[in-house]
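A closer look at the structure
Spelled out from the first residue to the last, the chains are:
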Amino acid sequence: MTTRIPHWVDGRRHEGTSGRTSPVYNPATGETSGEVDLASVEEVGTAVASALAAAREWRHSSLSQRSAVLFAMRELLHSRTDELAAIITAEHGKVLSDAAGEIARGLENVEFATGVPNLLKGGYSEQASTGVDVYSIRQPLGVVAGITPFNFPAMVPLWMCANAIACGNAFVLKPSEKDPSAALFLAELWKEAGLPDGVFTVVQGDKLAVDALLDHPDVSAVSFVGSTPIAKYIYERGTANGKRVQALGGAKNHALVLPDADVDMAADAVVSAAYGAAGERCMALSVAVAVGDVAQPLVDAIAARLPKLTVGDGADPDTDMGPLITAEHRDKVAGYVDAGEAAGASVVVDGRTGEHPQEGFFLGTTLLDHVQPEMTVYTDEIFGPVLSVVRVDTYEEGLELINSNQYANGTAIFTRDGGVARQFQYDVQVGMVGINVPIPVPVAYYSFGGWKDSLFGDTHMYGPEGISFYTRGKVVTSRWPDPATSSVDLGFPRTR
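This report concerns the structure included in the present document. (Residues numbered from 1 in each chain as written. Predicted model: local features only at pLDDT ≥ 70, side-chain atom pairs only at ≥ 80, totals over all residues. Heavy atoms only, no water.)

Here we look at the overall build of the protein chain
Note the following rule: Numbering of helices and strands runs from the N terminus, with a helix taken as a DSSP run of H or I at least four residues long and a strand as a DSSP run of E at least two residues long. The size measure is the radius of gyration over C-alpha atoms, and the globule rule it meets is 2.2 Å times the number of residues to the 0.38 power. In this scheme, a residue with accessible area under 20% of its type's maximum is buried, one over 50% is exposed, and one in between is partly exposed, where area comes from a 1.4 Å probe on protein chains only. In this description, contact between two residues means that some pair of their heavy atoms is separated by no more than 4.5 Å. The Shrake-Rupley method, run with a 1.4 Å probe, gives the accessible areas here. Residue values count only the displayed protein chains as cover.
In terms of regular secondary structure, the protein chain is built from 16 helices and 23 strands. Whereas a compact globule of 496 residues would reach a radius of gyration of roughly 23 Å, the protein chain reaches 25 Å, a difference of no more than 12%. C-alpha atoms of the protein chain, sized along the principal axes, occupy 85 × 60 × 40 Å. Here the protein chain holds 496 residues, and 55% of them are scored as buried. Within the protein chain, counting contacts between residues at least 6 apart in sequence, those at least 24 apart form 72% of the total. For the protein chain, the exposed area adds up to about 20700 Å²; of that, 51% sits on carbon and sulfur atoms.

Observations regarding unusual backbone geometry
One non-glycine residue, Gln127, lies in the positive phi region at around 60°. Looking at the secondary structure, you find Gln127 in strand 6 (residues 124-129). For His370, which is not glycine, the phi torsion reads 55° and is therefore positive. With respect to the secondary-structure elements, His370 resides in the loop between strand 16 (366-369) and helix 13 (376-379). For His370, a relative accessible area of 36% translates into the label partly exposed.

A short note on the nonpolar core
Using the following cut-off: What we call a nonpolar core is a set of buried Ala, Val, Leu, Ile, Met, Phe, Trp, Tyr and Cys residues that are connected through their side-chain atoms within 4.5 Å.
Within the largest apolar cluster, 67 residues are counted, with the highest numbers of intra-cluster contacts made by Leu77, Leu84, Trp159, Ile165, Phe171, Trp190 and Phe200. Counting residues per element, this core draws most heavily on helix 6 (residues 155-166), at 10 residues. Setting aside residues no more than four positions away along its own chain, Phe171 makes contact with Val144, Ala145, Gly146, Met160, Cys161, Ala164, Ile165, Val199, Phe200, Thr201 and Tyr470.

Considerations on the side chain of Asp369
Note the threshold: Here a polar contact is taken to be a pair of N or O atoms separated by no more than 3.5 Å, where protein atoms must pair a possible hydrogen donor with a possible acceptor and residues adjacent in sequence count only if both atoms sit in side chains.
Looking at where Asp369 falls in the secondary structure, it is placed in strand 16. Of note is the side chain of Asp369, whose polar atom sits 3.5 Å from the side chain of His370. For Asp369, the residues in contact, after removing those within four places along its chain, are Val299, Ala345, Ser346, Val348, Val389 and Arg391.

Comments concerning a positive patch on the surface
Note the cut-off: In this scheme, patches are assembled from residues that exceed 30% relative accessible area and form no salt bridge. Like charges are connected within 9 Å, while nonpolar side chains (Val, Leu, Ile, Met, Phe, Trp, Tyr) are connected within 5 Å. When a carboxyl oxygen of Asp or Glu is within 4 Å of a side-chain nitrogen of Lys or Arg, the pair counts as a salt bridge. Think of it this way: Lys and Arg go in the positive column, Asp and Glu in the negative one, and His and the chain ends go nowhere. Just so you know, the charge point we use is NZ for Lys, CZ for Arg, CG for Asp and CD for Glu.
On the surface, Arg59, Arg138, Arg244, Arg472 and Lys474 cluster together into a positively charged patch. One can find Arg59 in the loop between helix 1 (41-58) and helix 2 (63-79).

Focus on the sheet that holds strand 4 (residues 21-26)
Heads up, the condition is: Following DSSP output, two strands are said to pair if at least two bridges run between them. Geometry is summarised by axes, namely lines fitted to C-alpha atoms with helices restricted to the contacting stretch, and by angles between N-to-C directions that run from 0 to 180 degrees.
Within the open sheet, the 3 strands sit side by side as 1-5-4. Their pairing is mixed. Of all strands in the sheet, those with a lone pairing partner are strand 1 (3-5) and strand 4, marking the two edges. The sheet shows a mean angle of 35° between the axes of neighbouring strands, taken without regard to direction. Note that strand 4 and strand 5 (residues 31-37) share 6 bridges and pair antiparallel. What sits directly across from Val24, in strand 5, is Gly34.

Describing the packing of helix 8 (residues 207-215) against helix 9 (residues 228-240)
Inclusion rule: Crossing handedness: left-handed means the near helix sits turned counterclockwise from the far one by under a right angle, and right-handed means the same turn made clockwise.
Where helix 8 meets helix 9, the axes come as close as 8 Å, and the angle between the chain directions of the two elements is 35°. Regarding helix 8 and helix 9, the two cross each other, and that crossing is right-handed. Side by side, helix 8 and helix 9 meet where Lys207, Val210, Asp211, Leu214 and Asp215 of the first sit next to Tyr233, Ile234, Arg237 and Gly238 of the second.

Focus on the pairing of strand 5
Two strands pair when backbone bridges link them, and strand 1 and strand 5 are joined in this way by 3 bridges, in the parallel orientation. Across the sheet, Ile5 pairs through a bridge with Val36, a residue of strand 5. The antiparallel pairing of strand 4 with strand 5 creates a hairpin that spans 4 residues between the two strands, and Gly30 there sits at a positive phi of about 80°.

A short note on the side chain of Asn151
Positionally, Asn151 belongs in the loop between strand 8 (143-147) and helix 6. Residue class for Asn151 comes out buried when judged on its relative accessible area of 4%. Contact partners of Asn151, with chain neighbours within four places excluded, come to His92, Lys94, Glu102, Glu280, Arg281, Cys282 and Phe383.

A word on the pairing of strand 16
Side-chain alternation along strand 16 places Thr366 and Leu368 on one buried face and Leu367 and Asp369 on a second face that is also buried. Where strand 15 (residues 346-349) lies against strand 16, 3 bridges are found, and the strand directions are antiparallel. When the bridges of strand 16 are listed, Ser346 appears paired with Asp369. Strand direction decides the pairing type here: strand 16 and strand 17 (residues 386-392), joined by 3 bridges, are parallel. Its bridge partner lying in strand 17, Leu368 is registered against Ser388.

A look at helix 9
The cut-off we apply is this: The span expected for a helix works out to 1.5 Å for each residue beyond the first. Taken from the helix axis, the directions to the C-beta atoms give the arc we talk about.
Between its terminal C-alpha atoms helix 9 stretches 18 Å, which fits the 18 Å expected from 13 residues at 1.5 Å a residue. Buried within helix 9 are the following residues: Thr228, Ala231, Ile234 and Gly238. Buried positions in helix 9, seen along its axis, are confined to an arc of 120° and lie on one side of it. For helix 9, the exposed residues lying more than 90 degrees away from the buried face are Pro229 and Ala240. For helix 9, the secondary structure elements touched by its buried residues are strand 8, helix 8, strand 11 (219-225), strand 12 (244-248), strand 18 (407-408) and strand 22 (455-456).

Some remarks on the sheet that holds strand 6
The strand order across the open sheet formed by 3 strands is 6-7-23, and the pairing between neighbours is antiparallel. Across the chains shown, the open sheet's two edge strands, defined by having one partner strand only, are strand 6 and strand 23 (471-479). Neighbouring strand axes in the sheet, compared pairwise and without regard to direction, differ in orientation by 30° on average. As paired elements, strand 6 and strand 7 (residues 132-140) share 3 bridges and run antiparallel to each other. Directly across from Tyr124, in strand 7, lies its bridge partner Tyr135.

Remarks on the packing of helix 2 against helix 7 (residues 181-192)
Note the cut-off: Note on terminology: angles under 35 degrees are roughly parallel, angles over 145 are roughly antiparallel, angles of 65 to 115 are roughly perpendicular, and the others are oblique. Just so you know the grouping, Ala, Val, Leu, Ile, Met, Phe, Trp, Tyr, Cys and Pro go in nonpolar, Asp, Glu, Lys and Arg go in charged, and all remaining residues, Gly too, go in polar.
Contact geometry of helix 2 with helix 7 gives a least axis separation of 8 Å together with a crossing angle of 130°. Comparing their axes, helix 7 and helix 2 come out oblique. Here the hand of the crossing between helix 2 and helix 7 comes out right-handed. Contacts between helix 2 and helix 7 pair Val69, Leu70, Met73, Leu76 and Leu77 from the former with Leu186, Leu189, Trp190 and Glu192 from the latter. Residue composition of the contact of helix 2 with helix 7, grouped by class: 8 nonpolar, no polar and 1 charged.

Here's the deal with the environment of Pro440
Relative to the assigned elements, Pro440 resides in the loop between strand 20 (432-435) and strand 21 (451-452). For Pro440, a relative accessible area of 12% translates into the label buried. Once residues within four sequence positions are removed from consideration, Pro440 is found in contact with Met283, Thr411, Met432, Val433 and Gly434.

Pasting the structure below:
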């Protein structure tokens, strides 16, 4: 028997009326576990209207009241991590420990947002002119929307909604229809934390719901995480409708491994970053750039580690890597391996033929060596458990390879040389850099985002830039003169 997965509007579950649904699968078994409602344009309108009414009230809430709700949400997320992780694993497939880690990173953003009384402090200049004071304030936008991907059904929404709500906005979430239940669990936690009805809304849906949010005149801003083609579409359509948009796109993250690197440490890091969550991470390392003589030892070290990884049901605590999200995506990833082999790459470890369950959407770990930059396994974002090794002769050649890529989300360098590492962080044209850190996702009090085709918009996500994104500035110039000295002056106002 399948579960009906509805919307969340005005503080309660709200069954869809469009008559359209989409199947939700357990990727470990391939079986249908639920049917998610897909919103009509009218249903999106109803949800936004509820959010708009709530936003008008929520913006009047005190900063201490908002902070109290966020502290309560933080405690609920912490105490109910196991429940939420099980929901994520059942619909996404990632192992339970990875799901719990995702929640922990989302929780960090809630913790950051609890500091909203400090984060929203403005500036004040006394006596800017004689008897005149000037000060700045930041105010909420109103209704803001988040369109989030399947690979992080809890963390990415928390990247967005924590800051948005802390700043006094109402937040409408359109989660992926592939794993929508985590969004409803978050909605229930927000309600339990004391958030007023309508301030957090979940609209389940597909492209029709996305377009309705992008076109709705009462949605002031849209945050998005997903593939580059869709990010560009979201950005262009949203901004054409006068909205503020931050749209994070795809990635092709490189690890530059220098000859002086600790090969065992680098191999551990690369394997963890390449194959965690079956490679379905926008920050996954998908290319190891091996400089000079380190190439063969690095390939051997990575290859030696892969047979030790257990591929299976993410709910099994002995599993290291779970399935991919759908059968179609699994076949697409396998097709990239086929294409890489046909183009001349060496298949060192073949995930197409490895030992893994036959039911479900499984693909084993794949390691390709001697990959060339013109191959599709290099040029395209694969989003699966496939690691490509590109061999170069020099640091400069490796740097140029990274800088010439269309994507610029994250990168890492493995070396013992501090001077080279510092030069790399200065020269590399990528938004997030790790030095002996394979997945350089910033902590919550910094901001997340790439460059080039990995980001459309001018602000990164969460952290200080997130606060700026979900607010707009206002400057007040104030004077309390003696009425006896007031006079008409048609000249331009002066401060001297």
